[in-house]
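The primary structure of each chain is shown beneath.
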Amino acid sequence: MGRITVRRAVEKVTVGSDPVRRIDSLAAEEPLEIRVAGAPLAVTMRTPGHDVELAAGFLVSEGVIGAAAEFRSAIHCGGPGAGGEINEYNVLDVALAPGVRPPSPDAARNFYTTSSCGLCGKASIDAVRTVSRFDVREDPVTVAPERIVALPDRLRAGQAVFDKTGGLHAAGLFDGASGELLVLREDVGRHNAVDKVIGWALLQERLPLRGAVLQVSGRASFELVQKAVMAGIPVLSAVSAPSSLAAELADEAGLTLLGFVRGDHFNAYSRADRVRVAVPEGPSPV
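What counts and how
- The residue numbers shown here count from 1 along each chain, following its written sequence.
- Owing to the predicted nature of the model, reporting of local features is limited to residues with pLDDT of at least 70; listing and counting of side-chain atom pairs is limited to 80 or more, with chain, interface and lining totals taken over all residues.
- Side-chain descriptors were evaluated using all non-hydrogen atoms of the structure, hydrogens and water having been removed beforehand.
- In this scheme, a residue with accessible area under 20% of its type's maximum is buried, one over 50% is exposed, and one in between is partly exposed, where area comes from a 1.4 Å probe on protein chains only.
- Secondary structure elements are defined from DSSP: runs of H or I of at least 4 residues count as helices, runs of E of at least 2 residues count as strands, and each element is numbered from the N terminus.
- Two strands pair if DSSP finds at least two bridges between them.
- Pairs of residues are marked as contacts when any of their non-hydrogen atoms sit within 4.5 Å.
- Orientation is described by axes fitted as lines to C-alpha atoms, over the contacting stretch for helices, and by angles from 0 to 180 degrees between their N-to-C directions.
- When describing relative orientation, an angle under 35 degrees is termed roughly parallel and one over 145 degrees roughly antiparallel, while 65 to 115 degrees is termed roughly perpendicular and anything else oblique.
- Residues are grouped as follows: nonpolar covers Ala, Val, Leu, Ile, Met, Phe, Trp, Tyr, Cys and Pro; charged covers Asp, Glu, Lys and Arg; every other residue, Gly included, is treated as polar.

### What to know about the pairing of strand β7 (residues 169–175)
One face of the sheet, then the other: side chains in a regular strand alternate in exactly this way.
Alright, step 1. Of all seven residues in β7, five are buried, a share of seventy percent or more.
Alright, step 2. Of the pairings in the sheet, the one linking β7 to strand β8 (residues 181–187) comprises six bridges and is antiparallel in character. From the neighbouring strand, Leu 173 faces β8, where its bridge partner is Val 183.
Alright, step 3. Where β7 folds back on β8, the antiparallel hairpin that results is connected by five residues, among which Gly 179 adopts a positive phi of roughly 80°.
Alright, step 4. Direction of pairing for β7 relative to strand β9 (residues 212–216): antiparallel, over a ladder of five bridges. Across the sheet, the residue bridging to Phe 174 is Val 213, located in β9.

Shown next, in the form of structure tokens:
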């Protein structure tokens, strides 16, 4: 899998036995500098692969673009400094379509985002309440509970790199009506995985993602709720807990936020009306 995984010698230690030296596969983690028209915008720690989708999704999340026609092209280039440097494919320069306003210099992150935090460098909570051009509040989608509880296993079944490394998050987009898996991406950063699926949707001209369910492998943070809202995704489902701010933003935006989706149960933290519960047939209670 190339730079997606890295092989490294380790010693496997078992209590009561001699250590065994073996080769293990690790999830690759490298910086990606995202530039727009040559101007640095952000640096994120990511798993190499689907970098154009990652940059496109990031720009959607930041409110810079919201349609495929606004994204012209992207190219990997060498690092900062003089020409002639080896291209390690860790710098991606994005060209926006003519007439699309580039991000303000003030939007550039003051420092890099780690693989666990997509909001590092933001000055304040007010700065991340980006206004979306899509309104998820009016999305009429409903999803059966049986379909919701099946999503984590379906997501896990598609994690080919996780099987080799055990060290990647995943995000998958599902059609709420049919349950069809639209796209799945893995990354060391949960926010990167989400940006990659949103970037895929942008490049496929599928924004806003009306009727879609975003399933993530970890917790539901404020940043993931924001990214879902910015892409017009009405339902966000997570196998772990949401934060209080995530639930607050979901309620404010009209997004259905589901957490602890495990086994045959889950919690609905906002807009539970979209979770369609079948009413058993029979005589009405007296």
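### Points about the side chain of Arg 46
Alright, step 1. Tracing the backbone through its elements, the reader meets Arg 46 in strand β4 (residues 39–46).
Alright, step 2. Residues within four places of Arg 46 in sequence aside, it is in contact with Ala 28, Glu 29, Glu 30, Pro 31, Leu 32, Asp 51, Leu 54, Tyr 89, Asn 90, Asp 187, Val 188 and Asn 192.

### Concerning the pairing of strand β12 (residues 265–270)
Alright, step 1. Inspection of the sheet shows strand β11 (residues 256–262) paired to β12 by four bridges, in the antiparallel sense. Its bridge partner lying in β12, Arg 262 is registered against His 265.
Alright, step 2. Between the antiparallel neighbours β11 and β12 lie two residues, among them Gly 263 with a positive phi of about 60°.

### Considering the packing of helix α1 (residues 51–61) against helix α5 (residues 190–203)
Alright, step 1. Relative orientation of the contacting elements α1 and α5 amounts to 90°, with a least axis distance of 6 Å. Considered as vectors, α1 and α5 are oriented roughly perpendicular to each other. Facing Val 52, Glu 53, Leu 54, Ala 56, Gly 57, Phe 58, Val 60 and Ser 61 of α1, the residues of α5 in contact are Asn 192, Asp 195, Lys 196, Ile 198, Gly 199, Trp 200, Leu 202 and Leu 203.
Alright, step 2. The residue makeup of the contact of α1 with α5, split by class, is nine nonpolar, four polar and three charged.

### What about the environment of Trp 200?
Alright, step 1. On the secondary structure map, Trp 200 appears in helix α5.
Alright, step 2. On the accessibility criterion, Trp 200 (12% relative accessible area) is buried.
Alright, step 3. Considering only alpha carbons, one finds Trp 200 and Ala 56, 144 residues apart in sequence, at a separation of 7.9 Å.
Alright, step 4. Not counting the four nearest positions on each side in its chain, Trp 200 is found in contact with Glu 53, Leu 173, Leu 182, Val 183, Arg 185 and Arg 206.

### A look at the sheet that holds β4
Alright, step 1. With mixed pairing, the four strands of this open sheet are ordered in space as β4-β3-β6-β5. Whereas interior strands pair on both sides, the edge strands pair on one side only; in this sheet they are β4 and β5 (71–76). Across the sheet, the axes of successive neighbouring strands diverge by a mean angle of 25°, strand direction being ignored.
Alright, step 2. Both β5 and strand β6 (residues 91–96) contribute to a ladder of five bridges, which runs antiparallel. Within the sheet, the bridge partner assigned to Ser 73 lies in β6 and is Ala 95.

### Brief notes about the sheet that holds β9
Alright, step 1. Across the sheet, which stays open at both edges, the six strands sit in the order β8-β7-β9-β10-β11-β12 with mixed pairing between neighbours. Edge positions in the open sheet fall to β8 and β12, since each of these has one partner strand only. Pairs of neighbouring strands in the sheet enclose a mean axial angle of 20°, with direction left out of account.
Alright, step 2. Of the pairings in the sheet, the one linking strand β10 (residues 235–238) to β11 comprises three bridges and is parallel in character.

Nothing here speaks to function; it is all geometry.
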